[in-house]
Amino acid sequence: MKYTMNHRKKILLCFALFGSLSMGFAQNMVDSEKERPVIESRDKEFSKYLLEGDSVALANMYTKDAQFGTLKGAEIPPALGKWIRNAIKNDSRNVTFKMVTLTADGELLIETGMGETRSNAGQLKSTFRYLVVWKKEDGVWKLYRDIGL
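Since this is a predicted model, take the numbers as computed values, not measurements. (Residues numbered from 1 in each chain as written. Predicted model: local features only at pLDDT ≥ 70, side-chain atom pairs only at ≥ 80, totals over all residues. Heavy atoms only, no water.)

K.L.:
What is the right way to look at the layout of surface pockets in this model?
P.N.:
Using a probe with the size of a water molecule, rolled over the atoms, empty space left in the structure can be pinpointed. A volume near 270 Å³ is recorded for the largest pocket. Phe68, Phe97, Phe128, Tyr130 and Asp146 are the residues nearest the centre of the largest pocket, which is lined by 19 residues in total. Here the element with the most residues in the lining of the largest pocket is strand β5 (residues 124-137); it accounts for 5 residues. Here the lining of the largest pocket is composed, by residue class, of 12 nonpolar, 3 polar and 4 charged. (1 Å grid on protein atoms, 1.4 Å probe; cavity = no way out; pocket = protein on both sides within 12 Å on 5 of 7 lines; lining within 4 Å. Points joined across faces, edges and corners; volume = space filled by probe spheres on them. Helix = DSSP H or I, 4+ residues; strand = E, 2+ residues; numbered from the N terminus. Nonpolar A, V, L, I, M, F, W, Y, C, P; charged D, E, K, R; others polar.)

Have a look at this one:
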């Protein structure tokens, strides 16, 4: 097949356009290692709010379109309040999270980890595994999907 000069220009233009689009997408990519300390800090905030019994602060850690297990959006705050009341009743409000992995997927961060709950006296009450998808909302990393494993 014989390529004309006009055809070659179109091919080069396509490559240039693809390259600029790729660079634009790359700029929106999140660097998980750079964000690791931020997410670890957010995990600690979550633990602090649970220990303090602050369901409003916990609810504010979730995006507007969040999912907490099978619950969505407006269903989350009352569930967090119930969770806090149960944790107080069962003496299991001391929760720690240990991040195992943090990976980026476009503009999202995906965290897997292990956690444990302890009594006020330090007695181990339970252990668990989790998967959280973090999404920036108003410039702050918030819980977008929160799933116990």
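Resuming the write-up.
K.L.:
Looking at this structure, I do not really get the nonpolar core. What am I missing?
P.N.:
Buried together is how nonpolar side chains tend to be arranged in soluble globular proteins. Of all hydrophobic cores here, the largest spans 23 residues; its most connected members are Ile39, Leu58, Tyr62, Leu109, Trp134 and Leu143. Broken down by element, this core gets its largest block of residues, 4 residues, from helix α2 (residues 32-52). If we skip the residues at most four places from it in the chain, tyrosine 62 touches Phe46, Phe68, Ile76, Leu80, Glu137, Lys142, Leu143 and Asp146. (Core = buried A, V, L, I, M, F, W, Y, C linked by side-chain atoms within 4.5 Å. Buried < 20%, exposed > 50% of the residue type's maximum accessible area, 1.4 Å probe, protein only. Contact = heavy atoms within 4.5 Å.)

K.L.:
Would you mind showing me how to read the sheet that holds strand β1 (residues 62-68) here?
P.N.:
Paired through their backbone hydrogen bonds, the strands of a sheet run either parallel or antiparallel. Overall, mixed pairing links the 6 strands, which are arranged β2-β1-β6-β5-β4-β3 in an open sheet. Lying at the two open borders of the sheet, with one neighbouring strand each, are β2 (71-72) and β3 (94-105). Where β1 and β2 come together, 2 bridges link them in antiparallel fashion. Counted as the bridge partner of glutamine 67 is lysine 72 from β2. Of the strands in this sheet, β1 and β2 are in contact with helix α4 (residues 76-89), which crosses β1 at around 60°. (Pairing = 2+ DSSP bridges. Axes fitted to C-alpha atoms, helices over the stretch in contact; angles between N-to-C directions.)

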